[in-house]
Amino acid sequence: MRTTRLKIKDIGILEDVNIEIDKPLTVFFGDVQQGKSTLFRAISILAGGSFPDDLLRHGATQGKIFLGLDEGSICRTFYRRRTDGATVARPIEYVKDGEVQRGNVVKQLGELFNPFLLDQDHFRHMNERQQ
């Protein structure tokens, strides 16, 4: 599965980012405090990772992380609870081949992002398939 797009809205210092990923290598560079680390942390959070209470951009009441894939997408949204101001995550939405995935989505994403969980000889088998 190939990554095609990364969208981040109101997460950390990032207000509205839309990155098309259409090359085999993507490099992020920039000055200090421009959001490079926030981009990478967002992917970890998207896959079910923990997040800080100040995840949402200052003044925002909602935020979103979206990863487009050639065979689907992964989306996680957040909101600031009115009663106490805490940041809350909605369930992760993982769509594969047009179908919303059910069950332990975090485990499914772990297997997607880390093929070694399914096959310890992943690179050897991948090389054999290419020959």
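Residues numbered from 1 in each chain as written. Predicted model: local features only at pLDDT ≥ 70, side-chain atom pairs only at ≥ 80, totals over all residues. Heavy atoms only, no water.

A. The pattern of salt bridges, seen in detail. Throughout the structure, instances matching the rule amount to five salt bridges. For the salt bridge of Glu 20 with Arg 5, the shortest nitrogen-to-oxygen distance reads 3.8 Å. Pair noted here: Glu 20 is in strand S2 (residues 14–20) and Arg 5 is in strand S1 (residues 3–11), with a separation of 15 residues, a long-range link. For Arg 5, a relative accessible area of 24% gives the class partly exposed. Through salt bridges that share partners, Lys 9, Asp 10, Glu 15 and Arg 57 make up one connected network. (Salt bridge = Lys/Arg side-chain N within 4 Å of Asp/Glu carboxyl O. Helix = DSSP H or I, 4+ residues; strand = E, 2+ residues; numbered from the N terminus. Buried < 20%, exposed > 50% of the residue type's maximum accessible area, 1.4 Å probe, protein only.)

B. Region of the structure containing the side chain of Thr 87. As for its position among the elements, Thr 87 is in strand S5 (residues 87–89). Look at Thr 87 and you get buried, because its relative accessible area is 8%. Here Asp 53 takes part through its backbone oxygen, which lies 2.6 Å from a polar atom of the side chain of Thr 87. Apart from the residues within four sequence positions on either side, Thr 87 is in contact with Phe 51, Asp 53, Leu 55, Leu 56, Phe 78, Tyr 79 and Arg 80. (Polar contact = N/O pair within 3.5 Å; in protein donor to acceptor, adjacent residues only side chain to side chain. Contact = heavy atoms within 4.5 Å.)

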